[in-house]
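Here's the letter readout for the chains.
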Amino acid sequence: TEQPLLNQFGVKAVNQKVQAAYGEFKTNVEGVFAAGDARRGQSLIVWAINEGREVASEVHKYLMV
């Protein structure tokens, strides 16, 4: 994860992983979401693909409110 970029936006990260709860994928910054390796750390590509789909759904819900 790019720590300087996260710091510029004020996104919380611990051990180089963005803090975003699974299922909602929201960070501490309004309108900023995280998934895949940024949230979980290095993992299997299938996990990243799955989270990508799930976070897309959450972003869609957020934008449609």
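These remarks concern the structure in this document. Please read these numbers as outputs of a predicted model, since none were measured by experiment.

Some details on the pattern of salt bridges
Right, on to step 1. Applying the stated criterion across every chain, the model contains three salt bridges.
Right, on to step 2. Linking E51 and R40 is a salt bridge whose minimum nitrogen-to-oxygen distance equals 3.8 Å. Linking E51 in helix α3 (residues 45-64) with R40 in helix α2 (residues 37-40), this pair joins segments that are eleven residues apart in sequence.
Right, on to step 3. Residue classification places E51 among the buried positions, given a relative accessible area of 0%.
Right, on to step 4. Judged by its relative accessible area of 31%, R40 is partly exposed.
Right, on to step 5. As a salt-bridge pair, E58 and K61 come within 3.1 Å of each other at their nearest N and O atoms.

Section: the environment of A20
Right, on to step 1. Relative to the assigned elements, A20 resides in the loop between β2 (17-18) and α2.
Right, on to step 2. Ignoring sequence-local partners within four residues, the contact set of A20 consists of F25, K26, T27, A34 and R39.

Reading the values: the criteria
- Residues numbered from 1 in each chain as written.
- Predicted model: local features only at pLDDT ≥ 70, side-chain atom pairs only at ≥ 80, totals over all residues.
- Heavy atoms only, no water.
- Salt bridge = Lys/Arg side-chain N within 4 Å of Asp/Glu carboxyl O.
- Helix = DSSP H or I, 4+ residues; strand = E, 2+ residues; numbered from the N terminus.
- Buried < 20%, exposed > 50% of the residue type's maximum accessible area, 1.4 Å probe, protein only.
- Contact = heavy atoms within 4.5 Å.

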